[in-house]
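Results of the structural survey
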Amino acid sequence: MYWVLLLLLAWAAAGTACTRLCLAAVRAAAVDADAGRVRDLTLYEAAFLSGGPGRVADLALVSMARQRRLLLAHTGWATVVDPRGRDDLERSVIGAIGPEGQSLIAPVRATAAAADAVRGIADRLVSAGLAVPDGARAGVAAGVRQVQLAVVAVAALGAAALLTPAQSDMPRHLIALWFGLPLALTLSCLAIARIEVHPYSRWASPAGQRLLGALTRRPGGGDRTDLTSVAVHGIRAIGEPDLRAAFAHGGEQPYRREAR
C-alpha cells in the first residue's frame, strides 16, 4: 500500500497549493470591490496604473522637456533650464538631477521613480481601489507558482507509484486514475486562475483599467493628448526622434552646457 502514502502526499500538495491561490485571488478581487466613486485620472495616475513608478518618472521628464523647462539631449543627459518645479514630482526630478543642474537621464529616472511623490500617488490609487496593492500582486503570483509546483509534484508522485514494484492487488490503471484526481484539481485551479485573475494587470485593478480605457477613448488634442499617450503607452509613444533617443541612449558621451 505504498502508493496510498504517495497519494496522500499528492492530495496534501494539491490541496494546500489550490487553497493558497484561491485565498490570494479573493484578496485581489476585494481591491475592485472596494473601489471608490468613479473619478477622472490625472496624467500621473494614468502613468502609474499603466507602467508603475518608472512610467510616472518618464512622464514628468517628457512633460518638463515639452515645456522647455528641462533639456533632454539625445546623448542621454538631462539639463535643468527652469529650477522651479511646479509640483512635488517635478521638484523630485530637479532634486535628482542635482545642484549642478545636469545629470544622466537613467539615474534621474530611477531616483524620481522612488521619490515620496510617486509613493503618494501609489497610496492614493490603492486607497481608491484603482491600483493593486503590492501584497495582492505578490500573493497571487506566489499562489500560481505554488500550484504549478504542485502539478509537477503530483505527476512525480504518480509516476513513482506506478514505477514501484506491485505491492497490492490494485490494477495500475486504477492507481493512475486516483493520482489523476489531484492532478485534475491543480490543472483546473490554474485554468480558473488564468480566467479570473487575467483582468488584473501588474499595477491597475479592473476598476483602474476601466478608467484608463475611458481616458484613452476621450476626444482631445494638442500636447495633453500626446502626454496621455506617453502616460499609457510609455516612451515609445514619444513623437520626437531626438527626445525618444534621449531615453534610449546610454549616456556614454556626456552633454555639456555651452560656455557663454
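Keep in mind it's a predicted model, so treat the numbers as computed, not measured.

Conventions adopted
The residue numbers shown here count from 1 along each chain, following its written sequence. It should be noted that, the model being predicted, local features are given only for residues of pLDDT at least 70 and side-chain atom pairs only at 80 or more, the latter also being counted only at that level, while totals for whole chains, interfaces and linings use all residues. Excluded from the side-chain calculation are hydrogens and water; included are all heavy atoms of the structure. To obtain each axis, a line is fitted to C-alpha atoms, and for helices this fit is confined to the stretch in contact; angles are then taken between N-to-C directions over 0 to 180 degrees. Numbered from the N terminus, helices here are DSSP runs of H or I no shorter than four residues, and strands are runs of E no shorter than two. Roughly parallel here means an angle under 35 degrees, roughly antiparallel means over 145, roughly perpendicular means 65 to 115, and every remaining angle is called oblique. The handedness criterion is simple: a crossing whose near helix is rotated anticlockwise from the far helix by less than a right angle is left-handed, and one whose near helix is rotated clockwise is right-handed. Contact definition: two residues touch when any of their heavy atoms are within 4.5 Å. Note on residue classes: Ala, Val, Leu, Ile, Met, Phe, Trp, Tyr, Cys and Pro are nonpolar, Asp, Glu, Lys and Arg are charged, and everything else, Gly too, is polar. Accessible area is worked out with a 1.4 Å probe on protein chains only. A residue is then buried under 20% of its type maximum, exposed over 50%, and partly exposed in between. In protein, a polar contact requires one atom able to donate a hydrogen and another able to accept it; more generally it is a pair of N or O atoms within 3.5 Å, and residues adjacent in sequence count only if both atoms are side-chain atoms. DSSP calls a pair of strands paired once it identifies at least 2 bridges connecting them. As used in this record, nonpolar core signifies buried Ala, Val, Leu, Ile, Met, Phe, Trp, Tyr and Cys residues forming a set joined through side-chain atoms within 4.5 Å. A side-chain nitrogen of Lys or Arg and a carboxyl oxygen of Asp or Glu constitute a salt bridge if their distance falls within 4 Å. Patch membership requires more than 30% relative accessible area and the absence of a salt bridge. Residues of like charge join within 9 Å; the nonpolar side chains Val, Leu, Ile, Met, Phe, Trp and Tyr join within 5 Å. We get accessible surface area from the Shrake-Rupley algorithm with a probe of 1.4 Å; when it comes to residues, only the shown protein chains can shield them. Grid spacing is 1 Å over the protein atoms alone, the probe is 1.4 Å, and a cavity is where that probe fits but cannot get out, while a pocket is an open set with protein on both sides within 12 Å along at least five of seven lines and lining residues have an atom within 4 Å of a point. Grid points are joined across faces, edges and corners, and a volume is the space filled by probe spheres set on the points.

This part takes up the packing of helix α2 (residues 43-51) against helix α9 (residues 206-217). Where α2 contacts α9, the axes come no closer than 10 Å and their chain directions differ by 120°. In terms of axis orientation, α2 runs oblique to α9. α9 is crossed by α2, and the crossing has left-handed handedness. Counted together, Ala46, Leu49 and Ser50 of α2 and Gly208, Leu212 and Leu215 of α9 form the full contact between these two elements. Here the contact of α2 with α9 is composed, by residue class, of 4 nonpolar, 2 polar and no charged.

The next point concerns the side chain of glutamine 102. Tracing the backbone shows glutamine 102 in strand β3 (residues 102-104). A residue is classified by how much of its surface remains accessible, and glutamine 102, at 13% relative accessible area, is buried. A polar atom in the side chain of glutamine 102 sits 3.1 Å from the side chain of threonine 79.

Across the sheet, which stays open at both edges, the 3 strands sit in the order β1-β2-β3 with antiparallel pairing between neighbours. In this open sheet, the two edge strands, each paired with only one partner strand, are β1 (70-72) and β3. Taken pair by pair, the neighbouring strands of this sheet meet at an average axis angle of 20°, ignoring direction. Examined bridge by bridge, strand β2 (residues 77-80) and β3 share 3 bridges and lie antiparallel to one another. If you follow alanine 78 over to β3, its bridge partner there is serine 103. Along the sheet face, helix α5 (residues 105-113) touches β1, β2 and β3 and points at about 90° away from the line of β3.

The next subject is the nonpolar core. In globular proteins that are soluble, nonpolar side chains generally tend to be buried together. Judged by nonpolar contacts, the single largest core of 49 residues is most densely connected at Phe48, Leu72 and Val93. Ranked by residue count, the leading element in this core is helix α3 (residues 53-66), at 8 residues. Apart from residues lying up to four places away in sequence, leucine 72 is in contact with Leu61, Ala65, Trp77, Ala78, Ile105, Leu243, Ala246 and Phe247. Listed in part, the 10 residues of the second largest apolar core include Trp3, Leu7, Leu157 and Ile175.

The subject of this paragraph is the pairing of β2. Along any regular strand, the residues point their side chains to alternate faces of the sheet. With burial as the criterion, each face of β2 is covered, one bearing Trp77 and Thr79 and the other bearing Ala78 and Val80. By the bridge criterion, 3 bridges tie β1 to β2 in an arrangement that is antiparallel. Residue pairing for β2: leucine 71 is matched across the bridge by threonine 79. Hairpin geometry of β1 and β2 is characterised by an intervening segment of 4 residues between the two adjacent antiparallel strands and by a positive phi of about 95° at glycine 76.

Using the criterion set out here, one finds 6 salt bridges in the structure. Linking aspartate 58 and arginine 109 is a salt bridge whose minimum nitrogen-to-oxygen distance equals 2.7 Å. You can see aspartate 58 sitting in helix α3 and its partner arginine 109 sitting in helix α5, a full 51 residues away along the chain. The buried category is assigned to aspartate 58, whose relative accessible area is 6%.

This paragraph deals with a nonpolar patch on the surface. Nonpolar side chains collect at one region of the surface, where Trp11, Met170, Leu174, Leu177, Trp178, Leu181 and Leu185 lie side by side and expose about 600 Å² of accessible area between them. Ranked by the residues each element gives to the nonpolar patch, the list is headed by helix α8 (residues 172-197), at 5 residues. Considering the arrangement of structural elements, one finds leucine 177 in helix α8.

Within the secondary structure, cysteine 189 sits in helix α8. Between the C-alpha atom of cysteine 189 and that of glutamine 148, which follows or precedes it by 41 residues, the distance is 9.8 Å. Non-local contacts of cysteine 189, meaning those with residues more than four positions away in its chain, are made with Cys18, Leu21, Cys22 and Val147.

Attention shifts here to the layout of surface pockets. By volume, the largest pocket is sized at about 230 Å³. Lining the largest pocket, in full, are Ala65, Arg66, Arg68, Leu70, Leu71, Leu72, Glu240, Asp242 and Leu243. Going through the elements one at a time, α3, β1 and α11 (241-248) are the ones with two or more residues in the lining of the largest pocket. Broken down by element, the lining of the largest pocket gets its largest block of residues, 3 residues, from β1. A class-by-class count of the residues in the lining of the largest pocket yields 5 nonpolar, no polar and 4 charged.

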